[in-house]
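# What the coordinates show
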Amino acid sequence: MVAALESLSNLNAEQLRELAGELIAKIAQQSQQHEQQIVLRDQAIASKDREILYRQAKIDQLTHEMAVLKRWKFGRSREQLDAAQVSLLEETIDADIAAIEQELLNLAPAAKTDKEPRQQPKRAALPAELPRVEVRHDPDSTTCGCGCQLKRIGEDISEKLDYTPGVMTVQRHIRGKWACTQCETLIQAPVPAQIIDKGIPTSGLLAQVLVAKYSDHLPLYRQETIFGRSGYAIARSTLAAWVGACGVQLQPLVDALKDTMLQHAVLHADETPVAMLKPGNKKTHRAYLWAYAPGAFENLKAVVYDFCETRAGEHARTFLGQWKGSLVCDDFGGYKLGFAHGITEAGCLAHSRRKFFDLHVSNKSQIAQQALDYIGQLYAVEREVKHLHADERQQIRQSQSKPLADAFHQWMVLQRQRITDGSATAKALDYSLKRWTALTQFLGDGQLPIDNNWIENQIRPIAIGRNNWLFAGSLRAGQRAAAVMSLIQSAKLNGHDPYAYLKDVLARLPTQKNSQIEELLPHRWQPTKS
């Protein structure tokens, strides 16, 4: 201290002022840094508080939803339903309860340890007559860190139920125990991660249940019978619980597929009604399954389904979000608001053709026949250019299709002037004339298809299977069906067997990094090399 004071005494007034200024600046800088640290800390605390509040609100919502489901499951209201409705409703409720339990576990994995351990029912041994396949799990090295050779002193065995189409087997997972006699080190391979933690199903069995339900349209009560014939009857409540848990685990993959799809400039959209039963009032009402897919000429082959309780246009706006591009769709008014906010409407000439076809079938209209001839010539050009590059396709459309379209439009205008308002012919002509700009968007963009048939083909399988999940029972059940069907149908579009795809994905998903989730999308998936 004395030395420091003596050194200051040797400084002149100007040097003292400079030194004081430096000290003041340094103090100010330290104060500013301290304030910034306080702000960052407060922001981190606020963010953590918001996350805690969100998690708690979500937990409360899920807990309430589970309580409602259990009242439906054990209440008297189901007595007023017929046997088929009760069976499908029970499947849905069991799957929903399992899905909620999985979501609660994901939100608060530590909460389970805070409660009294729940008494688990003792699982019956798998039938001894089923074929066994041994899967051994041993350490990569049996040499101890001290240099000694480890000795095998025992093993743990767990059995999993596996299923390949038509054949049920048991996988015996054998985890050897290895010990060092010198330093008493014990080494054992870890338990392989599973989609159903501590459950008996392999990824192959889970894939079979999902594909049978959502692709082959087999309700779980029928699968229960089929598995019984294969050697082991699995209760439909257990199957439903597996379906619910798988739906939750597969949802991030569907979200990633949607994000990838929305990066494309051309999309198709369509929707189809499905009946949905609300157990509270025992009545069915019309819900909707929406389908979205990249344009027929895009390099991504995928489809994403979105289950909604109504046909309101807000569902399409919510799904598309901030996406801007060309949307190929029919004339449904739900899409209109998007067209006012940067989305380009591309119409479907197949819908125009359908109006004239119905008119011709009903009364052999000559006007309808002439319109069908014009549209047929436009489709003839499309058959020639569908495999060409977009630029070449646009050039040929401009040289061949545009003159045909202009002639067709002039002809329709002339015919409309001669037709009485309100007639069936007038309505058919008006449909095309009023939508002419949207119907001819494809002429100026080689990446646009002429119609919306691509997405209609992807939504057609829903019509085949809708009776087998007719009484979905809940919004959650419909959304789960939409998610699984998105992956199954997208796998088919990319030439994959949906069973092989889901079997591999369900096996890899528990250990797949979030940053690498896109590797499991149907258009990028490569089977695991055995």
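Preceding block: the structure.
Now for a description of the structure that goes with this document. These figures come from a predicted structure and were not determined experimentally. (Residues numbered from 1 in each chain as written. Predicted model: local features only at pLDDT ≥ 70, side-chain atom pairs only at ≥ 80, totals over all residues. Heavy atoms only, no water.)

Attention shifts here to the overall build of the chain. Across its full length, the chain carries 17 helices and 9 strands. Scored against the burial criterion, the 530 residues of the chain give a buried share of 44%. Restricting to contacts in the chain with at least 6 residues of sequence separation, those with at least 24 account for 67%. Looking at the chain as shown, the accessible area adds up to about 28,300 Å², and 52% of this sits on carbon and sulfur atoms. (Helix = DSSP H or I, 4+ residues; strand = E, 2+ residues; numbered from the N terminus. Buried < 20%, exposed > 50% of the residue type's maximum accessible area, 1.4 Å probe, protein only. Contact = heavy atoms within 4.5 Å. Areas by Shrake-Rupley, 256 points an atom, 1.4 Å probe, with all protein chains shown as cover.)

What follows is about the side chain of S352. Within the secondary structure, S352 sits in helix α10 (residues 349–363). In this structure S352 comes out as buried when scored by relative accessible area, which is 1%. Once residues lying within four places of it in the same chain are set aside, the contact partners of S352 are I375, Y431, S432 and L439.

Turning our attention to the packing of α10 against helix α13 (residues 424–434). Remark: α10 packs on α13, axes separated minimally by 9 Å, with the N-to-C direction vectors making an angle of 170 degrees. Judged on the interaxial angle alone, α13 and α10 are roughly antiparallel. Note on element contacts: α13 touches α10 through A424, T425, A428, L429, Y431 and S432, opposite H351, S352, K355, F356 and L359. (Axes fitted to C-alpha atoms, helices over the stretch in contact; angles between N-to-C directions. Parallel < 35°, antiparallel > 145°, perpendicular 65-115°, else oblique.)

Despite not being glycine, K198 has its phi angle at roughly 65 degrees, a positive value. Residue placement: K198 occurs in the loop between β4 (186–188) and α5 (203–214). Phi angles above zero are rare outside glycine, and K364 is one such case at about 55 degrees. Along the chain, K364 falls in the loop between α10 and α11 (366–385).

What follows deals with the environment of A241. Considering the arrangement of structural elements, one finds A241 in helix α7 (residues 236–261). Taking the C-alpha atoms as reference, A241 lies 9.2 Å from T92; in sequence the two are 149 residues apart.

Before going further, it helps to spend a moment on empty space enclosed by the protein. Unfilled space is identified by rolling a water-sized probe across the atoms. Taken as a whole, this structure holds 2 cavities of 30 Å³ or more when the rule is applied. Volume-wise, the second largest cavity comes out at about 60 Å³. Taken together, C329, D330, D331, E345, G347, C348, Y431, R435, A438 and L439 make up the full set of residues lining the second largest cavity. Within the lining of the second largest cavity, the residues separate by chemical class into 5 nonpolar, 1 polar and 4 charged. (1 Å grid on protein atoms, 1.4 Å probe; cavity = no way out; pocket = protein on both sides within 12 Å on 5 of 7 lines; lining within 4 Å. Points joined across faces, edges and corners; volume = space filled by probe spheres on them. Nonpolar A, V, L, I, M, F, W, Y, C, P; charged D, E, K, R; others polar.)

Let us look at the packing of α5 against helix α16 (residues 475–493). The contact between α5 and α16 brings their axes to 10 Å, and the two run at 100 degrees. The orientation of α5 relative to α16 falls into the category roughly perpendicular. Where α5 approaches α16, its residues L210, V211 and Y214 are matched on the opposing element by R480, A481, V484, M485 and I488. Looking at the contact of α5 with α16 residue by residue, the class counts come to 7 nonpolar, no polar and 1 charged.

Turning our attention to the nonpolar core. L161, L210, I234, L250, L320, L327 and Y335 are the most contacted members of the largest nonpolar core, which has 83 residues in total. Counting residues per element, this core draws most heavily on α7, which supplies 12 residues. Those residues in contact with L161 that sit more than four places away from it in its chain are L126, L130, M168, T169, V170, I200, P201, T202, L205, Y232 and I234. Counting residues in each nonpolar core, the second largest holds 33 residues, with L378, F408, M412 and L429 among its members. (Core = buried A, V, L, I, M, F, W, Y, C linked by side-chain atoms within 4.5 Å.)

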